[in-house]
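Breakdown of the fold
Residue-level listing of the chains:
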Amino acid sequence: MIGYIQKIYDDVEREKAGKSYQYEICSLLTAFFGNQKIRETEEDVELVLKLEVDKNSAKIIIEKEKKEERCSKFVCDDEEISKRRNHIKRQVYEMLCDYTGKTLPWGTLTGIRPTKIAMEFIEQGKTEQEILAYYEQEYLTTNQKAQMCTKIAFREQELLSEFPYEEQYSLYVGIPFCPSTCLYCSFTSYPIHQYEKKTWEYLEALKKEIAYIKEAMEEQGKKPSTIYIGGGTPTSLSAEQLDHLLHFIREEFRLDDEETNLLEFTVEAGRPDSITREKLQAIKKNKVDRISINPQTMKDDTLKLIGRAHLVEDTKRAFLMAREEGIDNINMDIIVGLPGEDLTDVKHTLEEIKKMQPESLTVHSLAIKRAANLNIQMEKYRSMVKGSTNEMLMLVDECASQLQLVPYYLYRQKNIPGNLENVGYAKKGLECLYNILIMEEKQTIMAAGAGATSKYVCHGENRIERAENVKNVDQYIERIDEMIERKRVLLQKG
């Protein structure tokens, strides 16, 4: 267990940067020390990092067993809060590098959306070399990570320039049911077998919310450019229910009209154990143009350990069925750093995926999420959780290149050991626009369903307004009018 204590003496600094230090320094500690818990105490911990900041200087102390191991005091008089914060973070980082004997590929960069930096610089007219230099000098990233961010940002800008996204919005539809709960998952999801009698009620409430979104956004002169049905696992629904929902969406938004703005319609089929031929036929019939079939790993022992109620052969069967039904844009998700897996296991998973040749591949670095069973039961799994490594991610990058898939979006999550990233790769022209729009926060996302969060982007004001739905399925059904009212208030703020 690691302790972190901070003392911010300057009033302005305390107000504007205190919370930022807390989050970002703790993220660095997690990156260096893996799945050890970070506590705001110096009692009953193996190691403690202390940060003291006043108006003109800062002091960093590392103590082990209450004995000082490292100490650094330095002048820090940058007038800009952000520059001051980055200066201090670099000093903390370099001290941790010295103490642990290792470096991080992302250096001090801890944010969820590292490509936003490059996107902003591109919009300012900065050159590629200027952007690379900024990542490497300001955040101490490796050239490889700087190159990846910059390359993805240029691709994102190219894709976004092809349609008027600011004048449109995207629709997210949440289906909070799954066949079972995975060990690492913290999303809003409920076992489908316990809610089978509630699913039709849920769909009726969902349709009411979707209908309101469509009407309210049309009053603003906006139509959806992308629709994304996620979860949970949308294919936990029966074939009849899935067909009913997809048909409703097609009819409600008049997606067969020539005047539609829709560029993309995605359904996360997700769990192979939830996929049947009838569901795939419903997806195809309703002209969904992109699905995900997510193996996470191609190792049966790991699938059993993490609570995935399917085998590797089920993934292959579901993928083949989708091809037989004429679905020609399939994404596959994998997670690197799963409990008990090493570089050899990742390589095996990638070899199996290469045989199937999906149109896109998304790699997630395992995140130890606070509400996930993996974290709650960490003492049981600690010896097995080594986390992802940059070598694993480089293997994925190599596999994607062999499949002619290009990286097109990137994001980070809290509590990823090693401070690594998640990357989406796709064949050119088959990138998921929704992923770019939500990650770069470039477009309003109107979200329906239990646990869904709508984000209204106020262009030109650097402001995003949010409205959250309740997570509990029963509460969502009972309070659907309140969820709609929350959206009405949101649109008034926008």
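Since we're looking at a predicted model, the values are computed, not measured.

1. Points about the overall build of the chain
- A tally of regular secondary structure across the chain gives 18 helices and 18 strands.
- Computed over the C-alpha atoms, the radius of gyration of the chain is 23 Å, within 12% of the 23 Å expected from 2.2 N^0.38 for a compact globule of 494 residues.
- The dimensions of the chain, computed from C-alpha atoms along their principal axes, are 65 × 50 × 45 Å.
- Of the contacts made within the chain by residues no fewer than 6 positions apart, 71% connect residues no fewer than 24 positions apart.
- Of the roughly 21,700 Å² of accessible surface on the chain, a fraction of 45% belongs to carbon and sulfur atoms.
- Charged side chains in the chain number 70 positive and 83 negative. The centres of these two groups are separated by 3 Å.

2. Structural notes on unusual backbone geometry
- Here the amide bond leading from Gly-231 into Gly-232 is cis, since omega sits at 20 degrees, within 30 degrees of zero.
- Among the structural elements, Gly-232 can be located in the loop between strand S9 (224–231) and helix H8 (239–252).
- Look at Gln-404: it is not a glycine, yet its phi comes out positive at around 60 degrees.
- You can see Gln-404 is positioned in the loop between helix H15 (390–402) and strand S14 (406–411).
- Overall, Gln-404 belongs to the exposed group, its relative accessible area being 63%.

3. Some words on the sheet that holds strand S3 (residues 47–53)
- In spatial order, the strands read S2-S1-S3-S4-S5; together these 5 strands make up an open sheet with mixed pairing. What marks the edges here is a single partner per strand, and that holds for strand S2 (38–39) and strand S5 (67–75).
- Alignment of strand S1 (residues 2–8) against S3, held across 7 bridges, turns out to be parallel. Across the sheet, residue Gly-3 finds its bridge partner in S3, namely Val-48.

4. Comments concerning H8
- Its 14 residues place the ends of H8 20 Å apart at the C-alpha level, agreeing with the 20 Å of an ideal helix rising 1.5 Å per residue.
- Taken as a whole, H8 has its buried residues at Gln-241, Leu-242, Leu-245, Leu-246, Phe-248, Ile-249 and Arg-250.
- Along its buried surface, H8 packs onto strand S6 (169–175), helix H7 (199–219), S9, strand S10 (264–270) and helix H9 (277–285).
- At the exit of H8 stands Arg-254, carrying a positive phi of roughly 50 degrees.

5. Some thoughts on the packing of H8 against H9
- It is at 9 Å that the axes of H8 and H9 come closest, and there the two elements cross at 10 degrees. Here H8 lies roughly parallel to H9, going by the angle between them. Between H8, through Ala-239, Leu-242, Asp-243 and Leu-246, and H9, the contact on the second element is made entirely by Glu-278, Lys-279, Ala-282, Ile-283 and Lys-285.
- Residues belonging to the contact of H8 with H9 are distributed by class as follows: 5 nonpolar, no polar and 4 charged.

6. With respect to the layout of surface pockets
- Considered as a void within the structure, the second largest pocket measures approximately 440 Å³ in volume.
- Leu-109, Gly-111, Ile-112, Arg-113 and Ile-117 are, among the 16 residues lining the second largest pocket, the residues nearest its centre.
- At the level of elements, helix H1 (11–33), helix H2 (81–100) and helix H3 (115–123) are the ones that each hand at least two residues to the lining of the second largest pocket.
- Of the residues contributing to the lining of the second largest pocket, the split by class is 6 nonpolar, 3 polar and 7 charged.

7. Re the pairing of S3
- Burial of S3 is extensive: 6 of the 7 residues sit out of reach of the surface.
- Sheet topology places S3 next to strand S4 (residues 57–64); 7 bridges connect them, and they run antiparallel. Of the residues in S4, the one forming a bridge with Leu-47 is Lys-64.
- Where S3 hands over to S4, the hairpin turn is made up of 3 residues, counted between the paired strands.

8. A few points about a negative patch on the surface
- A surface patch of like charges, here negative, comprises Glu-46, Glu-65, Glu-68 and Glu-69.
- Take Glu-68: it is sitting in strand S5.
- In this structure Glu-68 comes out as exposed when scored by relative accessible area, which is 52%.

9. Describing the packing of aromatic side chains
- One pass over the structure, following the stated rule, counts 12 aromatic pairs.
- A ring pair is formed by Phe-177 and Tyr-195, whose centres lie 6.0 Å apart and whose planes are at 40 degrees; its orientation type is tilted. Here Tyr-195 lies in helix H6 (residues 192–195) and Phe-177 lies in strand S7 (residues 177–178), a separation of 18 residues in the sequence. One exposure class covers both Phe-177 and Tyr-195, and it is buried.

10. With respect to the confidence of the model for the chain
- Overall, the prediction assigns the chain a mean pLDDT of 90, with 91% of residues at 70 or greater.
- For the chain, per-element mean pLDDT is lowest for helix H13 (residues 373–376), which scores 50, and highest for strand S16 (residues 444–448), which scores 98.

11. Here we look at the environment of Gly-337
- Tracing the sequence through the fold places Gly-337 in the loop between strand S12 (330–336) and helix H12 (343–356).
- Owing to a relative accessible area of 1%, Gly-337 belongs among the buried residues under this scheme.
- Taking the C-alpha atoms as reference points, Gly-337 and Thr-389, 52 residues apart in sequence, are found 7.2 Å from one another.

12. Notes on the side chain of Asn-390
- Residue position: Asn-390 is located in helix H15.
- Among the residues examined, Asn-390 registers a relative accessible area of 18% and is labelled buried.
- Dropping the residues within four chain positions of it, Asn-390 is found in contact with Pro-105, Gln-144, Lys-145 and Leu-420.

13. So, the pairing of strand S11 (residues 290–293)
- Alternating residues of S11 divide into Arg-290 and Ser-292 and Ile-291 and Ile-293, and every residue in both groups is buried.
- Since S10 and S11 lie parallel, the crossover through H9 that links them has a hand, and here it is right-handed.
- Sheet topology note: the S11/S12 ladder contains 2 bridges and is parallel. Residue pairing across strands places Ser-292 opposite Asn-331, the latter belonging to S12.

14. Quick look at the side chain of Thr-297
- Looking at where Thr-297 falls in the secondary structure, it is placed in the loop between S11 and helix H10 (300–305).
- Residue classification places Thr-297 among the buried positions, given a relative accessible area of 1%.
- One polar contact links the side chain of Thr-297 to the main-chain amide nitrogen of Lys-299, over a distance of 3.2 Å.
- Setting aside its immediate chain neighbours within four residues, Thr-297 contacts Thr-302, Leu-303, Leu-338, Glu-341 and Thr-349.

What counts and what doesn't
- Residues numbered from 1 in each chain as written.
- Predicted model: local features only at pLDDT ≥ 70, side-chain atom pairs only at ≥ 80, totals over all residues.
- Heavy atoms only, no water.
- Helix = DSSP H or I, 4+ residues; strand = E, 2+ residues; numbered from the N terminus.
- Rg over C-alpha atoms; globule rule 2.2 N^0.38 Å.
- Contact = heavy atoms within 4.5 Å.
- Areas by Shrake-Rupley, 256 points an atom, 1.4 Å probe, with all protein chains shown as cover.
- Lys, Arg positive; Asp, Glu negative; His and termini not counted.
- Charge placed at Lys NZ, Arg CZ, Asp CG, Glu CD.
- Buried < 20%, exposed > 50% of the residue type's maximum accessible area, 1.4 Å probe, protein only.
- Pairing = 2+ DSSP bridges.
- Expected span 1.5 Å × (residues − 1).
- Axes fitted to C-alpha atoms, helices over the stretch in contact; angles between N-to-C directions.
- Parallel < 35°, antiparallel > 145°, perpendicular 65-115°, else oblique.
- Nonpolar A, V, L, I, M, F, W, Y, C, P; charged D, E, K, R; others polar.
- 1 Å grid on protein atoms, 1.4 Å probe; cavity = no way out; pocket = protein on both sides within 12 Å on 5 of 7 lines; lining within 4 Å.
- Points joined across faces, edges and corners; volume = space filled by probe spheres on them.
- Patch = residues over 30% accessible without salt bridge, like charges linked within 9 Å, V, L, I, M, F, W, Y side chains within 5 Å.
- Salt bridge = Lys/Arg side-chain N within 4 Å of Asp/Glu carboxyl O.
- Phe/Tyr/Trp six-rings, centres within 6.5 Å; stacked < 30°, edge-to-face > 60°.
- pLDDT = per-residue confidence, 0-100.
- Right-handed = clockwise from strand over helix to strand, strands pointing away.
- Polar contact = N/O pair within 3.5 Å; in protein donor to acceptor, adjacent residues only side chain to side chain.

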